[in-house]
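Chain and residue survey
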Amino acid sequence: MGKTLQWEVSVNSKWCKKCGLCVEFCPRDVLEMNDIPTVKDAARCIGCLMCEMHCPDFAITVKRRENNG
Amino acid sequence: MALPIDKYLRVAKMPHIWCPGCGHGIVTQAIVRAIHELELDTEKTVVVSGIGCSARAPGYLHFDTLHTTHGRAIAFATGIKMAKPELNVIVITGDGDAAAIGGNHLIHAARRNLDLTVICFNNNIYGMTSGQYSPLTPQGSYATTSPYGMLEKPFDLCNLVIGAGGTFAARSTTYHARQLTNLIKEAIAYKGFAFVDALSQCPTYFGRRNKLRTPLEMMNWFKDRSVPVSSWEKLSPEEREGKFAIGVLTKAQATELTEVYKQLIEQLQQRGGE
Amino acid sequence: MAKNQARLLQGNEAVVEGAIAAGLRFFAGYPITPSTEIAEHCAAKLPVAGGKFIQMEDEIASMAAICGASLAGLKSMTATSGPGFSLKQENLGFAVKGEIPCVVVNVQRVGPSTGMPTSTAQGDVMQARWGSHGDHEIVALCPASVKEAFTLTVEAFNIAEEYRTPVVLLLDETIGHLREKVILPSKEELVVKDREKPNVPPEQYKPFAMDQGRIPGVPPLAAYGEGFKFHVTGLTHGEDGFPTGNPAIAEKQLRRLNEKISSNKKALCKVEKFFLEDAEVVIFAYGATARSARKAVRDARAVGIKAGMLRPITIWPFVEDALLEVKAGRPKAVIVPEMNLGQLVLPVKSVMGDSVPVIPINKLAGQLITPEEILSAMKEAV
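1. Observations regarding the packing of aromatic side chains
On inspection of all chains with the given rule, the structure shows 14 aromatic pairs over all chains. Ring geometry for Phe206(B) against Trp221(B): centres 5.5 Å apart, planes inclined by 25°, an arrangement best described as stacked. Residue Phe206(B) is located in helix H9 (residues 203-209), and its partner Trp221(B) is located in helix H10 (residues 215-225); the two are separated by 15 residues in the primary sequence. With a centroid separation of 5.0 Å and 35° between ring planes, the pair formed by Tyr224(C) and Phe230(C) is classed as tilted. Among the residues examined, Tyr224(C) registers a relative accessible area of 0% and is labelled buried. You can call Phe230(C) buried: its relative accessible area is 3%. A connected cluster of aromatic rings, assembled from ring pairs, spans Tyr205(C), Tyr224(C), Phe228(C) and Phe230(C).

Shown next as C-alpha cells:
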C-alpha cells in the first residue's frame, strides 16, 4: 500500500482483559489476538474507532499520527 | 478526536471490576464520550447510581459522584437536581435497579419531567448477585432463579417510561456503540426527563446460561434482534416478536419541573409572599 | 413576624418555622397522619423563602431526596410517622454512613403497623436508635412543648450540620397537633450553625478524613457543583470516600463514624432538671408525658412529697450521666411513665442497677398518662 501511516493504535495492557472484542469489531483486520490485542498492520487502520468504542476496558486509544499532519 | 480519558476517569481506580467482555465498560465509555462531545462542565456534572454492577461506574468517573441504595438513585438524584438545577445530573442504573426495586421512582420521575438523564445498563439479569432473573429477562431465558426458564413476561423499559408520561425515551445496544453515544448525547442535552435503555451483554451470567458463550455472540444477539425505529413502525406484531426498536422512540417538548418551580419562587418573591 | 409577639401555633407548624429559621431550603415528604401539616406548611412557606418543596412518591424516596439535596449544599428535612419512619430506615442508614446532614422528623402515633393513626404514642424510641441495620449512632431530640418544637428543630439542624449526621426529631402526636400560645425567639436571638467547608483544594480534599475538622472525627463537607468531584457511597470506604475491603481501614472509619457522636455526649445530651435538687422520688419522662409529670411533681410537692423530674431533651445518645447524678442522690424510686410498653425504661434500669428501684408506667392505646396516675405511683414508692 505504501501509504504513510495515518493512525496510531495503542493498547493499555494493564487495563485490557483480553475479551477480544476489538479484534472482532475492527473492519480492517488491523488487530490480532496474541497475549493481548496487537496491531498486525497499522497502515490498514482508517481511524474509525470501532475498536476503541467497543473496548469495555478503556484500554485502546486511536490517535492521528502527528508527523504527517 | 481521541477521548482524554484522564480528564474523565479516576485513572487511579482502574482497571475496573467488570468481567472481561462485560458491556458495562462500553456503555460507560459512551457516556464519557457523550459528555466530552457535549463539552459539559465537569465541575457541574453529578453522576448518581444505585446498587449493582452498573452502580460501580461512578466510582471510576471523575465527577461529583454518588453511589446510593438499591433502586433509589433516581430519588437521590431528584433531591440533587431540585436543590441545584444548574447541575447536569446523570443517573446510571441497571435493569433490576431501575425497574424492579426502583420502578416506583422511575415512573414518577418520568411523570414529573424533572431534568434528569437516566441510563439503564440493561443486561437482562442481576449480575452483581451472580445471575438471578430480572424484570427484563426474556421469557424462557435461564437464570439461577429461573432454572426452568423465565416464566414471567419482561417489561419494555421505554414503553414503561412513555406510559408514565416520559417525553424522551431511546434505546441502543453495546453493538451499536456510536449510536448509543449519540443517543446519550441527545438525552443529556434534552431539557427534561430523558431515559436511555442501553442493552449491555453479561457474558458471565446471562450469556453462559443462555448459549451465548462469548461477549461477541451476545452482542450479535442484540444486533440480530434490533430494528431501527423508522422500520419498527412498519412491522406487524408478529414480525416484532422477540425484537426491539433502537433509536429515539419518543421525543417531545414538555414543561420541566425545576423550571416551573423557579417561576413559582420568582412570582412569590415578587409578591413578597403573604 | 413582629419581634417576639405571642402567637398561637401548632407543634407541627412550629417545627417548620424553626426549620426555616435554621436555614431549611429543601423538604421532601409524603403525606402521613399525624405529620402531614409539616409537609403542608413547607409547601406553602419554602418557596417564599427561596427554598424547594417536593412531595415524593413514597417515604423511601423522600429520605433519598433530602440526602441528595443536602449533598448539593442545602439544609434539608423530611417528616413522617411510624409507617414512613420504618420505610426510611435504609436510607437513614445511608445518611449516617455518608455523614449527610439532614433532619428526619417522626411524629409518633400508636403502632405497630397502621395502629391508631390519629392517636399519640412514644413507641418508636428504640426504632429511632436501632431501626437501621448495623452498628451506628443516632442523635434524637424530643420536644415537650410547641416552643420546643421550634427551638429543638433549630437545635437538630445545628447538630446535623456540626456533626455531619442525620438527626431525628421525635415528636409524639400530642406535641405535633397541640396548639399553644408561644413567644418564639427572633431571628437575631437564634444561634444557627452551618457545616464546615473544606479549606483545601479539590485534589487534596478527603470527604471522610480521619483527622480533620473543628470537631475531631467530623471531616468538612464540600457540596456537589463546587468542583471537588468527591465520591459518596454506602459501601464501607476509606478517607477518600472510595470503597475498601481492608479491615484495618474499615475498622478505623467505622469507629470514627460512631465515636464522633458517642464521644461528644457532653455536648449532645441535654436534659431539663425540674426540682431535682432534693428529690426523694424522681420521674424520668419525655415528650407529652413530661407535661403530666411536671404537674404531678407540683401536686406531690403540695402534699409534702419531695418529687422531681429529669426530662431528657436528647433521647439519643442516652442521658446516662444525668441519670448517674440522680442515682448518686439515692432517690427512693425512679418512675418512668411512657406511652409504650416500656422502652427508655430499659437503659434507665441498667443505669440504676439494684440500688434504685425503677417503676414503669405504661399506656399504649393512645391515651395520655395523667398526673394523677403518676402521683399515685409516687405515693406508693415513698
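2. A closer look at the sheet that holds strand E7 (residues 168-173) of chain B
Strand order in the open sheet made by the nine strands is E9(B)-E10(B)-E7(B)-E8(B)-E4(B)-E3(B)-E1(B)-E2(B)-E10(C), with mixed pairing throughout. Each edge of the open sheet carries a strand with a single partner, namely strand E9 (226-228) of chain B together with strand E10 (231-233) of chain C. Adjacent strand axes in the sheet meet at a mean angle of 20° when their direction is disregarded. Of the strands in this sheet, E7, strand E8 (194-199), E9 and strand E10 (244-251) of chain B are in contact with H10(B), which crosses E9(B) at around 45°.

3. Description of the nonpolar core
Counting residues in each nonpolar core, the largest one holds 159 residues, and the members touching the most others are Val48(B), Met77(C), Val105(C), Phe284(C) and Met378(C). For this core, the element with the highest residue contribution is helix H7 (residues 146-163) of chain C, accounting for ten residues. When sequence neighbours within four positions are dropped, the list of residues in contact with Phe284(C) reads Leu310(C), Pro312(C), Phe318(C), Val319(C), Leu323(C), Val334(C), Ile335(C), Val336(C), Pro337(C), Leu344(C) and Val348(C). Among the nonpolar cores identified, the runner-up in size contains 41 residues, and Trp15(A), Cys55(A), Cys22(B) and Ala198(B) belong to it.

4. What to know about helix H8 (residues 177-189) of chain B
Residues and elements named next belong to chain B. With 13 residues, H8 should reach 18 Å at 1.5 Å per residue; the first-to-last C-alpha distance of 18 Å fits that figure. The complete set of buried residues in H8 reads Ala177, Leu180, Thr181, Leu183, Ile184, Ala187 and Ile188. The buried residues of H8 occupy one face: seen down the axis, they fall within an arc of 165°.

5. Comments concerning the domain arrangement of chain C
All names here are of chain C. Considered domain by domain, chain C is made up of domain 1 (7-189) and domain 2 (271-381). Taking only C-alpha atoms into account, the centre of domain 1 sits 26 Å from that of domain 2. Taken together, the contact between domain 1 and domain 2 spans 28 residues of the former and 24 residues of the latter. Contact with domain 2 buries surface across domain 1, with Gln122, Val125 and Met126 losing the most and accounting together for 30% of the total. Applying the counting criterion to the domain 1 and domain 2 interface returns two salt bridges. The salt bridge involving Arg291 is made with Glu180; its shortest N-O contact spans 2.7 Å. The tally of links from domain 1 across to domain 2 stands at 15 residue pairs in polar contact (both at pLDDT 80 or more). Within the residue set of the side of domain 1 that touches domain 2, elements represented by two or more residues are strand E6 (116-120), helix H6 (125-130), strand E7 (139-141), H7, strand E8 (166-172) and helix H8 (173-177). Per element, the largest residue contribution to the side of domain 1 that touches domain 2 is four residues, and it comes from H6.

6. Comments concerning the pairing of strand E2 (residues 24-29) of chain C
Consecutive side chains along a regular strand alternate between the two faces of the sheet. All names here are of chain C. Of all six residues in E2, five are buried; the element is thus mostly enclosed. In this sheet, strand E4 (residues 75-80) lies alongside E2 in parallel orientation, the contact comprising three bridges. Bridged to Leu24 within E4 is Lys75. Bridge count for E2 against strand E3 (residues 52-55) is four bridges, and the pairing is parallel. When the sheet's bridge partners are listed, Phe27 is paired in E3 with Phe53. With respect to chirality, the unit in which E2 leads through helix H2 (residues 36-48) into the neighbouring parallel E3 is right-handed.

7. Overview of the sheet that holds strand E16 (residues 358-362) of chain C
Residue and element names in this part refer to chain C. Taken together, the five strands give an open sheet; going across it, the order is E11-E13-E12-E15-E16, and neighbouring strands pair in mixed fashion. Two strands in the sheet have a free side with no partner beyond their single neighbour: strand E11 (271-274) and E16. Here the strands of the sheet are splayed against their neighbours by 20° on average, with no regard to which way each runs. Sheet topology note: the strand E12 (residues 281-284)/strand E13 (residues 307-312) ladder contains four bridges and is parallel. Looking at E13, one finds that Val282 is bridged to Gly308. Each of E11, E12, E13 and strand E15 (333-338) touches helix H11 (residues 288-302); the most contacted strand, E13, lies at about 165° to it.

8. Remarks on the packing of H11(C) against helix H14 (residues 371-381) of chain C
Residues and elements named next belong to chain C. Two elements in contact, H11 and H14, have axes separated by 8 Å at closest approach and are oriented at 55°. By the criterion of interaxial angle, the relationship of H11 to H14 is oblique. In this structure, H11 meets H14 at a crossing whose hand is right-handed. Contact residues: Thr289, Ser292, Ala293, Lys295, Ala296, Val297, Asp299 and Ala300 in H11; Pro371, Ile374, Leu375 and Met378 in H14. Each residue belonging to the contact of H11 with H14 can be placed in one class, and the counts come to eight nonpolar, two polar and two charged.

Here is what the cut-offs are and how they apply
Residues numbered from 1 in each chain as written. Chains lettered and ligands numbered in written order. Predicted model: local features only at pLDDT ≥ 70, side-chain atom pairs only at ≥ 80, totals over all residues. Heavy atoms only, no water. Phe/Tyr/Trp six-rings, centres within 6.5 Å; stacked < 30°, edge-to-face > 60°. Helix = DSSP H or I, 4+ residues; strand = E, 2+ residues; numbered from the N terminus. Buried < 20%, exposed > 50% of the residue type's maximum accessible area, 1.4 Å probe, protein only. Pairing = 2+ DSSP bridges. Axes fitted to C-alpha atoms, helices over the stretch in contact; angles between N-to-C directions. Contact = heavy atoms within 4.5 Å. Core = buried A, V, L, I, M, F, W, Y, C linked by side-chain atoms within 4.5 Å. Expected span 1.5 Å × (residues − 1). Arc of directions from axis to C-beta. Domains from an automatic or database assignment. Buried area = accessible area lost by both parts, 1.4 Å probe. Salt bridge = Lys/Arg side-chain N within 4 Å of Asp/Glu carboxyl O. Polar contact = N/O pair within 3.5 Å; in protein donor to acceptor, adjacent residues only side chain to side chain. Right-handed = clockwise from strand over helix to strand, strands pointing away. Parallel < 35°, antiparallel > 145°, perpendicular 65-115°, else oblique. Left-handed = near helix turned anticlockwise from the far one by under 90°. Nonpolar A, V, L, I, M, F, W, Y, C, P; charged D, E, K, R; others polar.

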